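The chain contents come next:
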Amino acid sequence: MDHKTIHANGLEFAYLDDGPAEGPLALCLHGFPDSAHTWRHLLPELAGAGYHAVAPFLRGYAPSEIPADGRYQIGAVVRDVAALHEALGGTEDAVIIGHDWGALATYGAVAHEPGRWRRAVTAAVPPTASIGLSLFTYAQLQCSWYMFFFLSPLAEMALPLDDYSFIDGLWADWSPGYDGSWDVARVKESIGQPDRMLAAIGYYRAMYNSDLHAPELADEQAASFLPTPRPTLYLHGRDDGCMLLSSVGSPLDFMADGSELEIIDGAGHFLQVEQPDAVNRRILGFLEA
């Protein structure tokens with residue numbers, strides 16, 4: 001895999017790259033607390049299937065640029081995705097794959113401009129409408145407490161303690177039994193500085209505070225809540241300690257005909273690195289169907 005940079009939507013994005021430049025674009029989006037390295041197993045497989053596989057570091061995640069306007073609403077990421085598709089030479093045969101925040105961006109990108117994408121894959125976070133009130137069950141709130149903690153200024157004091165061990169804790173809780181030490185080290189390289197961590201939790205603060213939304217991004221923002229108009233594969237780890245399987249709801253009710261759902265055994269939240277063979281095989285099979 002190569003490390004490259006590209007300018008899109010007014011930002012400099014760093015990204016991992018594999019496969020033929022003339023192949024159809026396969027854009028892979030990470031979530032929190034994660035980095036583009038989460039796709040290290042999938043990118044070569046996509047490249048082997050003829051795709052130009054690209055995994056950018058999301059806005060604010062080093063070595064990508066921190067946006068000067070401080071915009072971290074999902075609508076801004078949706079616009080980033082469209083700009084990356086354009087800058088990377090994507091066409092209507094492009095596919096998009098997203099995990100966690102990357103999944104939310106995928107829903108928005110496909111709903112906002114479906115003509116850019118042939119198929120989509122999302123993992124670990126279903127459509128918002130599918131979750132519904134499950135977010136507020138006691139069991140799910142026990143897992144989602146961190147989102148509300150991030151709204152407090154106390155988060156900025158707590159997260160850097162003990163070499164950002166908060167990140168280690170989330171990985172251990174969300175993917176029980178998986179040794180994520182290599183992954184966590186890459187995450188800390190990306191957001192293990194105060195300005196970078198502030199960017200990462202800025203996504204959550206923007207989610208719960210509409211005052212942090214830009215009016216010009218209203219269409220992109222709204223699109224992330226719409227049904228996905230392209231066939232989409234949704235994957236979820238059976239042992240996910242972040243988004244409980246019982247909270248997933250019925251994702252296929254909010255996806256186009258031809259969409260599919262699969263629960264990955266022996267995997268938690270970071271299923272793409274926990275069970276890469278099973279996940280990659282399922283993704284490639286769906287994209288080529």
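Residues numbered from 1 in each chain as written. Predicted model: local features only at pLDDT ≥ 70, side-chain atom pairs only at ≥ 80, totals over all residues. Heavy atoms only, no water.

A. Examining a nonpolar patch on the surface more closely. A cluster of nonpolar side chains, contributed by Leu133, Phe136, Leu141, Phe148, Leu151, Met207 and Tyr208, occupies part of the molecular surface with about 640 Å² of accessible area. Relative to the helices and strands, Phe148 is located in helix H5 (residues 138-149). (Patch = residues over 30% accessible without salt bridge, like charges linked within 9 Å, V, L, I, M, F, W, Y side chains within 5 Å. Areas by Shrake-Rupley, 256 points an atom, 1.4 Å probe, with all protein chains shown as cover. Salt bridge = Lys/Arg side-chain N within 4 Å of Asp/Glu carboxyl O. Helix = DSSP H or I, 4+ residues; strand = E, 2+ residues; numbered from the N terminus.)

B. Region of the structure containing the nonpolar core. Counting residues in each nonpolar core, the largest one holds 88 residues, and the members touching the most others are Phe32, Leu46 and Ile283. At seven residues, helix H3 (residues 101-112) tops the list of elements feeding residues into this core. Beyond its immediate stretch of four places on either side in the chain, Leu46 contacts Ala26, Cys28, Tyr51, Ala53, Ile97, Leu284 and Leu287. (Core = buried A, V, L, I, M, F, W, Y, C linked by side-chain atoms within 4.5 Å. Buried < 20%, exposed > 50% of the residue type's maximum accessible area, 1.4 Å probe, protein only. Contact = heavy atoms within 4.5 Å.)

C. Up close: the layout of surface pockets. Put simply, the largest pocket is a space of about 530 Å³. What lines the largest pocket is a set of 25 residues, and nearest its centre among them are Leu104, Val125, Thr128, Met147 and Met207. Sorting the residues of the lining of the largest pocket by element identifies H3, helix H4 (128-131), H5 and helix H9 (194-207) as the ones contributing at least two each. Looking at which element gives the most residues to the lining of the largest pocket, the answer is H5, with four residues. In this structure, the second largest pocket encloses a volume near 190 Å³. Forming the walls of the second largest pocket are 14 residues, and the residues nearest its centre are Asn9, Arg59, Asp69, Arg71 and Ala76. (1 Å grid on protein atoms, 1.4 Å probe; cavity = no way out; pocket = protein on both sides within 12 Å on 5 of 7 lines; lining within 4 Å. Points joined across faces, edges and corners; volume = space filled by probe spheres on them.)

D. Local environment of the packing of helix H2 (residues 74-87) against H3. Contact geometry of H2 with H3 gives a least axis separation of 9 Å together with a crossing angle of 65°. Between H2 and H3, the interaxial angle falls into the category roughly perpendicular. Considering how the two elements wind past one another, H2 and H3 form a crossing that is right-handed. Here Ile74, Val77, Val78 and Val81 of H2 come into contact with H3, specifically with Trp101, Leu104, Ala105, Gly108, Ala109 and His112. Its residues placed into classes, the contact of H2 with H3 shows eight nonpolar, two polar and no charged. (Axes fitted to C-alpha atoms, helices over the stretch in contact; angles between N-to-C directions. Parallel < 35°, antiparallel > 145°, perpendicular 65-115°, else oblique. Left-handed = near helix turned anticlockwise from the far one by under 90°. Nonpolar A, V, L, I, M, F, W, Y, C, P; charged D, E, K, R; others polar.)

E. Structural view of the pattern of salt bridges. Evaluated as defined, the whole model comprises 13 salt bridges. Residue Asp183 pairs with Arg40 through a salt bridge whose shortest N-O separation is 2.9 Å. Taken together, the residues Asp183 in helix H8 (residues 181-191) and Arg40 in the loop between strand S3 (25-29) and helix H1 (42-48) connect sequence positions 143 residues apart. Each member of the pair, Asp183 as well as Arg40, is classed as buried. One salt bridge connects Glu156 with Arg205, and the closest N-O pair in it is separated by 2.7 Å. Of this pair, Glu156 sits in helix H6 (residues 154-158) while Arg205 sits in helix H9, placing them 49 residues apart in sequence. Assessed through its relative accessible area of 17%, Arg205 is described here as buried. A network of salt bridges, in which partner residues are shared, links Glu86, Glu113 and Arg116.

F. Here's a closer look at the confidence of the model for the protein chain. With 100% of its residues at a pLDDT of at least 70, the protein chain reaches an overall mean of 97. By mean pLDDT, the top-scoring element of the protein chain is S3 (99), and the lowest-scoring one is H4 (94). (pLDDT = per-residue confidence, 0-100.)

G. How the structure looks around H2. Under the 1.5 Å per step criterion, the end-to-end length of H2 is 20 Å for 14 residues, consistent within 8% with the ideal 20 Å. Most of H2 is tucked away: 11 of the 14 residues are buried. Downstream of H2 by one or two residues, Gly89 has phi in the positive range, about 80°. (Expected span 1.5 Å × (residues − 1).)

H. Up close: the sheet that holds strand S7 (residues 232-237). Strand order in the open sheet made by the eight strands is S1-S2-S4-S3-S5-S6-S7-S8, with mixed pairing throughout. At either end of the open sheet lies a strand with only one pairing partner, and these are strand S1 (2-8) and strand S8 (260-264). Adjacent strand axes in the sheet meet at a mean angle of 20°, parallel and antiparallel pairs treated alike. Against the sheet, H2 contacts S1, strand S2 (11-18), S3, strand S4 (52-56), strand S5 (94-99) and strand S6 (117-123), and its axis sits at roughly 110° relative to S1. Against the sheet, H3 contacts S3, S5, S6 and S7, and its axis sits at roughly 145° relative to S5. (Pairing = 2+ DSSP bridges.)

I. Geometry of empty space enclosed by the protein. This model, assessed by the stated rule, comprises two cavities of 30 Å³ or more. Lining of the largest cavity is provided by Trp39, Ile97, Gly98, Val121, Thr122, Ala123, Leu235, Leu271, Gln272, Val279 and Ile283. Every element with two or more residues in the lining of the largest cavity is listed here: S5, S6, helix H11 (271-274) and helix H12 (276-287). When the residues that make up the lining of the largest cavity are grouped by side-chain class, the tally is eight nonpolar, three polar and no charged. Taken as a whole, the second largest cavity encloses approximately 30 Å³ of empty space. Among the residues forming the lining of the second largest cavity, the class breakdown is six nonpolar, two polar and no charged.

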